[in-house]
Amino acid sequence: MMKPLLKNQWKIITNTLQTQSLKNYISYVIAFGFVAFFLFLICRGIWEISDAITQPVLFGILSYGFLMIIGFILLLGLPQVFKHLYSATDLNLLFTLPIPTQYIFWMKYFQSFIGIPFFTFVFCLIPLIMYGIVVEAHFLYYPVAFIVLLAFTIIGLSLAYLFNLILIQIIPASKANEFMTMMSVLSGLFVYLLLMLPNWMNNQSMNELLLSGLPLFPDWFPVNWGSEAIIHASHGSIHLLLPTLMLLLLTVICMVLSTSLVEKGFRTGWIRLNEGSSQKKKIKKRQTSHPLSHPVIAVGIKEWYAIKRDMREWLAFMPMLFFMIFPLIGFLNGDAKLNDIRVFNEVSWPIAQGAILFLHAILNGTLAASSIGREGSSAWILRVLPLPGKYIAIGKLWISWLTPFVLLTFFEIIVGVILGWTFFQFITGIVIKAVISIGISSIGLWLGTTGAKYNPENPQARLKFGTSIILMVLSYVYIFFALIPYVILIIPAETASIAAEVSHDISGFFGAIIGIVATLLAWKASSPFIVGILCIIVMLIISSGVAIIFTMVSARRMDRGIEIDFVNGTKAISGRRTPSKRLY
Amino acid sequence: MNTTSIKLTDLSKVYGKYEAVKNLQLEVPRGELFGFLGPNGAGKTSTIKMMTGLLEPTKGTVKVAGINIWQDPLEAKKRIAYVPDQPNLYPKLTGWEYLQFIASVFRIPNKKFQVKAEELLHIFSLTNRVDELIESYSHGMKQKIAICGALIHEPDVLFLDEPTVGLDPNSARSLKKLLRELCDHGMTAFVSTHILEIAEQMCDRIGIILEGRIIALGTMGELREHKGSTNRSLEDIFLELTGGEDQQALISEISKTDQGDK
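Everything numeric in this text was worked out from a predicted model, so none of it was measured.

Trainee: Report on the overall build of chain B, specifying residues and quantitative values.
Mentor: Along the backbone of chain B there are 10 helices and 10 strands. Compactness check: chain B gives a C-alpha radius of gyration of 20 Å against a globular reference of 18 Å for 262 residues, within 12% of the reference. When the backbone C-alpha atoms are referred to their principal axes, chain B occupies close to 65 × 50 × 40 Å. Scored against the burial criterion, the 262 residues of chain B give a buried share of 53%. Long-range pairs, those at least 24 residues apart, make up 68% of the contacts in chain B with a sequence separation of at least 6. Roughly 11,800 Å² of accessible area belongs to chain B as shown, and the carbon and sulfur atoms make up 48% of that amount.

Next up, the structure:
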């Protein structure tokens, strides 16, 4: 029974590869070239330094490397395994055929292995072989390295399967698809914690331990078994047997554990997911007196509901967590005394303004751009309704601007209160960021109309790769120019002399810009009121000009019709697309 | 007063080298319930999409309520409504919020909206489920809420692509009755369907499309007359015109052979 299943899988893979577009083949070649080049650099490094690596140092590197392999497979493999186990389209057919569930499970397991785990295995094996050649290792080194690496790859994959099979029994079925995205984030945090293990298990930092050849982990830690086996094998020592056998035993245990949950976690889990929840998602009772809105507001509200009710949409706000909330928690836990810092609000305020604007650049553009691809298969509705493009554009713009603005302002108020900002600082910061950030949103909206993408299996990826890069660059370029009057406004005029000195030290474009800033600051010193007003006017012209131009261009594109690239997400291996669908 | 609700002139659609719709000429008068039939891939959906502004014609014009939909799309769209065969609606809105959104776009007065929405929801037995997210609806329920959304602004012309697919018998009957009633009061309905029984029972006129051309057009009586027999059903006429008769004969042969084997 296993043979036809694997044969069928093989045919699907070969057919998929054979029917790729030229563009995809080229991207494969480029990706392969990139990986090959990276491997070449690693191998070259090994060639140069392998003689200098002492055995204890190698032991530490290998142990940490194996932990990284498990972490990497878990990080990238968890969502992949979820797709294979629960959202693959062939399961509908396979479960109706007289095939034991175990066989389907193993077929999926092999299918998952061919992806990220196999790539990781090959990627790590080549440098290990290279090392063996350079240090003229015993011939036993090669098969042992192969077995140990394969064992850790299988352990990583089995853990990914195990997590999925356990989690599917805990999470509510109605939330499973959305939870998967959240799980990707959680797996990221889990892997981060995993890789931080050496730091927590010891008093010294990991780098110090590694370089001084001290053990990173206790002896019983399984990653040490792999390192021991490889090092003994490189000398041809018989001591390789025990750690290798223990590692193999652990691999088998991991596989058995994951297969023990097949019936309950795989088949029943799939059924639960496909049945959906028996509990209907009831939203609060409607208010019969709730008035209807203007079409622009209605478009925005529709977008807001889509954002609010889908956990995956909130992933866009992750940078906020990493760039602001984590550092703030770290800061509050730190040794610095709050009262000492509160004194320097003239320093803390501009720094915070810069940081929040940086977040606006990430969030506003992404959210606005995503609003186009978000229409997905519902795109026909706006196209059929008597809505001019400008209504749709403004409707999408206001909500994609307001959502991050409210969130970041809320956060800014907390930070400001902690750091003791003045009322004037609060108001100036909030108003000016409101003005500047609308320009970023409009740029995002326009780019959304040029490169919208929709993948039913990955709804949060709503922008083509190239377009998202352009969005990032354009957002920062815009902020850079919009910030010049803002910088003049917020930086004390006394810093003019420092800016002048810096401009002499730096040549080229940036030197010229700092030179201009220095001159403007000097003017500010002599007539602060006039320069202040001028700065506000220039900033308003830049931001509202950009906002109006890009919104109107977006509206025109909407009137003409926008194409959303529908990515067929049924096969992980290919990026084949169904024909684009037109929007508006 | 303009009595023609839909007018297609030389309407064509070409995809690369493939001509999906070929020089269609068609007029549908106001208040008519028009059935649009054809086998799979005959060009039905392409034609409807061109009439609703979803697909740009390669050649020809579409006038809805006297307005060229590709020259003055907003004015034309104010007068039409469309229900596609796959009702992909906003999954994160509730049924009620979806209707509110549509009503907001059409600027319907709030009071009128409340009354109309409740009435439509009652007809399609959706009143108890209207506060649930659309993503939790079955295909049939999505179809029903899409129909409610289409009728909320009382359009002059309603385009329905396979409207009864997924509907339970009660809802299908309610839809048929409602359409008949609305057409009697002046609305025009352009309905594409595979269910010949529905077309036969409820449509004023029927057009059959094959390989992008209208090959038959008229009332049931006219179609029967054209084929020379008053007793023939629409199914017989359809199969004869679209070449399905040969397939039917083949199926009969296979079935006879199978029975002979036994």
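Trainee: Summarise the interface of chain A and chain B; cite the residues concerned and give the values.
Mentor: Of the residues lining the interface, 35 residues belong to chain A; the matching set on chain B comes to 40 residues. With both chains or domains summed, chain A and chain B bury close to 3,600 Å², and 60% of this area falls on carbon and sulfur atoms. Across the chain A-chain B interface, the total number found is one salt bridge. Note that B:Glu97 and A:Arg309 form a salt bridge whose closest N and O atoms lie 2.6 Å from each other.

Trainee: Could you give me a rundown of the state of the cysteines, with the residues and numbers involved?
Mentor: Summed over the entire model, instances satisfying the criterion amount to zero disulfides over all chains. Of the cysteine sulfurs around A:Cys43, a residue in no disulfide, the closest is that of A:Cys124, at 11 Å. A relative accessible area of 11% places A:Cys43 in the buried class. With no disulfide of its own, B:Cys203 lies closest to B:Cys183 among cysteine sulfurs, the gap being 8.8 Å. Take B:Cys203: its relative accessible area is 12%, and that puts it in the buried class.

Trainee: How would you explain the packing of helix α3 (residues 55-87) of chain A against helix α6 (residues 116-134) of chain A if you had to name every residue and give the values?
Mentor: Residues and elements named next belong to chain A. Viewed as axis vectors pointing N to C, α3 and α6 meet at an angle of 165°, and their least axial separation amounts to 9 Å. Judged by the angle between their axes, α3 and α6 are roughly antiparallel. As for the relative orientation of α3 and α6, their crossing is right-handed in sense. In this structure, α3 contributes Leu58, Leu62, Ile69, Phe72, Ile73 and Leu76 to the contact, and α6 contributes Ile116, Pro117, Thr120, Cys124, Leu128 and Tyr131. Taken together, the residues of the contact of α3 with α6 break down into 11 nonpolar, one polar and no charged.

Trainee: Account for the sheet that holds strand β5 (residues 67-68) of chain B, naming residues and giving values.
Mentor: All names here are of chain B. Spatially, β2-β1-β4-β5 is the arrangement adopted by the four strands of the open sheet, whose pairing is antiparallel. Each of the sheet's edge strands pairs with one partner strand only, and the pair in question is β2 (18-29) and β5. In this structure, strand β1 (residues 4-15) lies alongside strand β4 (residues 59-64), joined through five bridges in antiparallel fashion. Its bridge partner lying in β4, serine 12 is registered against lysine 59. The sheet contacts of helix α1 (residues 44-51) involve β1, β2 and β4, and relative to β1 the element is tilted by about 120°.

Trainee: Tell me about the pairing of strand β8 (residues 188-192) of chain B, and please be specific about residues and values.
Mentor: Residues and elements named next belong to chain B. Counting buried residues along β8, five of its five residues qualify, which places the element largely inside the surrounding structure. Note: strand β3 (residues 33-37) against β8, four bridges, orientation parallel. Along β8, the bridge assignment pairs phenylalanine 34 with phenylalanine 190. Of the pairings in the sheet, the one linking strand β7 (residues 157-161) to β8 comprises five bridges and is parallel in character. Bridge pairing in β8 places phenylalanine 159 opposite phenylalanine 190. Between β7 and its parallel partner β8, the chain crosses via helix α6 (residues 169-184), and the hand of that crossover is right-handed.

Trainee: Give a description of the side chain of A:Asn164 that names residues and reports values.
Mentor: By the element assignment, A:Asn164 lies in helix α7 (residues 141-170). Here A:Leu78 takes part through its backbone oxygen, which lies 3.2 Å from a polar atom of the side chain of A:Asn164.

Trainee: Can you tell me about a nonpolar patch on the surface, naming the residues and giving the values?
Mentor: Taken together, A:Phe465, A:Ile469, A:Met472, A:Val473, A:Val477, A:Phe481, A:Ile498, A:Val502, A:Ile506, A:Phe509 and A:Phe510 make up a surface patch of nonpolar side chains, about 1,000 Å² in accessible area. Looking at the secondary structure, you find A:Val473 in helix α21 (residues 465-490).

Trainee: Which residues make up the sheet that holds β3(B), and what values do they have?
Mentor: Strands pair in a sheet through their backbones, by hydrogen bonds, and they do so in one of two ways: parallel or antiparallel. Residues and elements named next belong to chain B. With mixed pairing, the six strands of this open sheet are ordered in space as β6-β7-β8-β3-β9-β10. Two strands bound the open sheet, and with one partner strand each, they are β6 (80-83) and β10 (213-218). Each adjacent strand pair in this sheet contributes to an overall mean axis angle of 15°, direction not counted. The strands that helix α5 (residues 139-151) touches are β6 and β7; relative to β6, the one it contacts most, it runs at about 175°. Packed on one face of the sheet, α6 meets β3, β7 and β8 and runs near 145° to β8.

Trainee: Which residues make up the environment of B:Asp10, and what values do they have?
Mentor: Residue and element names in this part refer to chain B. The residue aspartate 10 is located in strand β1 in this model. Between the C-alpha atoms of aspartate 10 and glycine 66, which are 56 residues apart in sequence, the distance is 16 Å. In this structure aspartate 10 touches Asn23, Leu24, Gln25, Lys59 and Gly60, once residues within four positions along its chain are discounted. In this structure the side chain of aspartate 10 is engaged in a polar contact, spanning 2.7 Å, whose partner is the side chain of glutamine 25.

Trainee: Give me the lowdown on unusual backbone geometry, citing residues and values where you can.
Mentor: All names here are of chain B. Positive phi, normally seen in glycine, also occurs at asparagine 23, with a value near 40°. Assignment of secondary structure puts asparagine 23 in strand β2. Take asparagine 23: its relative accessible area is 33%, and that puts it in the partly exposed class. In this structure, arginine 107 is a non-glycine residue whose phi angle is positive, near 55°. Relative to the helices and strands, arginine 107 resides in the loop between α3 (95-105) and α4 (110-123).

Trainee: Go over the packing of aromatic side chains, please, and point to the residues and values.
Mentor: All names here are of chain A. Applying the stated criterion across every chain yields a total of 29 aromatic pairs over all chains. Their ring planes at 75° and their centres at 5.5 Å tell us that phenylalanine 105 and tryptophan 106 sit as a pair that is edge-to-face. Their ring planes at 85° and their centres at 5.2 Å tell us that phenylalanine 121 and phenylalanine 146 sit as a pair that is edge-to-face. You can see phenylalanine 121 sitting in helix α6 and its partner phenylalanine 146 sitting in helix α7, a full 25 residues away along the chain. Residue class for phenylalanine 121 comes out buried when judged on its relative accessible area of 6%.

Trainee: Give a description of the pattern of salt bridges that names residues and reports values.
Mentor: What the rule picks out here adds up to 20 salt bridges over all chains. In this structure, A:Lys302 and A:Glu375 form a salt bridge, with 2.7 Å as the shortest nitrogen-oxygen distance. On the criterion of sequence distance, the pair formed by A:Lys302 in helix α14 (residues 295-308) and A:Glu375 in the loop between α17 (345-373) and α18 (379-384) is long-range, its members being 73 residues apart. Across the pair, exposure class does not vary: A:Lys302 and A:Glu375 are buried alike. Here B:Glu132 ties to B:Arg129 by a salt bridge, and the two come within 2.8 Å at their closest N and O atoms. Judged by its relative accessible area of 4%, B:Glu132 falls in the buried class. By relative accessible area, which is 24% here, B:Arg129 ends up partly exposed. In the salt-bridge network here, residues are joined through shared partners; they are A:Lys302, A:Glu303, A:Glu313, A:Arg374, A:Glu375, A:Lys396 and A:Arg462.

Trainee: Please give an account of the packing of helix α5 (residues 101-114) of chain A against α7(A) that cites residues and values.
Mentor: Residue and element names in this part refer to chain A. Running from N to C, α5 and α7 point in directions that differ by 125°, and their axes come no closer than 11 Å. Classified by the angle their axes make, α5 and α7 are oblique. Relative to α7, the crossing made by α5 is right-handed. Only Leu150, Thr153, Ile154, Leu157, Ser158, Tyr161 and Leu165 of α7 make contact with α5, whose side of the interface consists of Phe105, Lys108, Tyr109, Ser112 and Phe113.

Here is what the cut-offs are and how they apply
Throughout this description, residue numbers start from 1 for each chain and increase along the sequence as written. Here chains are named by letter from A upward and ligands by number from 1 upward, in the order in which they appear as written. Residue-level local features of this predicted model are given only where pLDDT is at least 70; pairs of side-chain atoms are given and counted only at 80 or more, and the full residue set underlies all totals for whole chains, interfaces and linings. Each side-chain value is worked out from all heavy atoms of the structure, with water and hydrogens disregarded. Only DSSP runs of H or I with at least four residues qualify as helices, and only runs of E with at least two residues qualify as strands; both kinds are numbered from the N terminus onward. We take the radius of gyration over the C-alpha atoms and set the globule estimate at 2.2 Å times the residue count to the 0.38 power. Relative accessibility decides the category of a residue: with a 1.4 Å probe and only protein chains considered, values under 20% of the type maximum give buried, values over 50% give exposed, and everything between is partly exposed. The contact criterion used throughout is that any non-hydrogen atoms of two residues lie within 4.5 Å. Methods summary: accessible areas were calculated by the Shrake-Rupley approach with a probe of 1.4 Å, and residue burial reflects only the protein chains presented. Note on definitions: buried area is the accessible-area loss of two parts on being combined, 1.4 Å probe, summed for both. The rule for a salt bridge is simple: a side-chain nitrogen of Lys or Arg has to be within 4 Å of a carboxyl oxygen of Asp or Glu. Count a disulfide wherever a pair of cysteine sulfur atoms falls within 2.5 Å. For every element, the axis is a line fit to its C-alpha atoms; helices are fit only across the contacting stretch, and the angle between N-to-C directions ranges from 0 to 180 degrees. Throughout, the term roughly parallel applies to angles under 35 degrees, roughly antiparallel to angles over 145, roughly perpendicular to angles from 65 to 115, and oblique to all others. Handedness of a helix crossing follows the sense of rotation of the near helix relative to the far helix, less than a right angle counterclockwise being left-handed and clockwise being right-handed. Classes in brief: Ala, Val, Leu, Ile, Met, Phe, Trp, Tyr, Cys and Pro nonpolar; Asp, Glu, Lys and Arg charged; the others, Gly included, polar. A pair of strands is considered paired only if DSSP assigns at least 2 bridges between the two. For the handedness criterion, the strands are oriented away from the viewer, and a crossover whose path from the first strand over the helix to the second runs clockwise is classed as right-handed. Any N or O atom pair separated by 3.5 Å or less is treated as a polar contact, with the protein-specific requirement of one donor-capable and one acceptor-capable atom, and with residues adjacent in sequence counted only for side-chain atom pairs. Here, patches come from residues exposed beyond 30% relative accessible area and free of salt bridges, joined within 9 Å for like charges and within 5 Å for nonpolar side chains (Val, Leu, Ile, Met, Phe, Trp, Tyr). Each aromatic pair joins two rings of Phe, Tyr and Trp (for Trp, the six-membered one) with centres within 6.5 Å, and gets the label stacked for planes under 30 degrees apart, edge-to-face for over 60, and tilted for any other angle.

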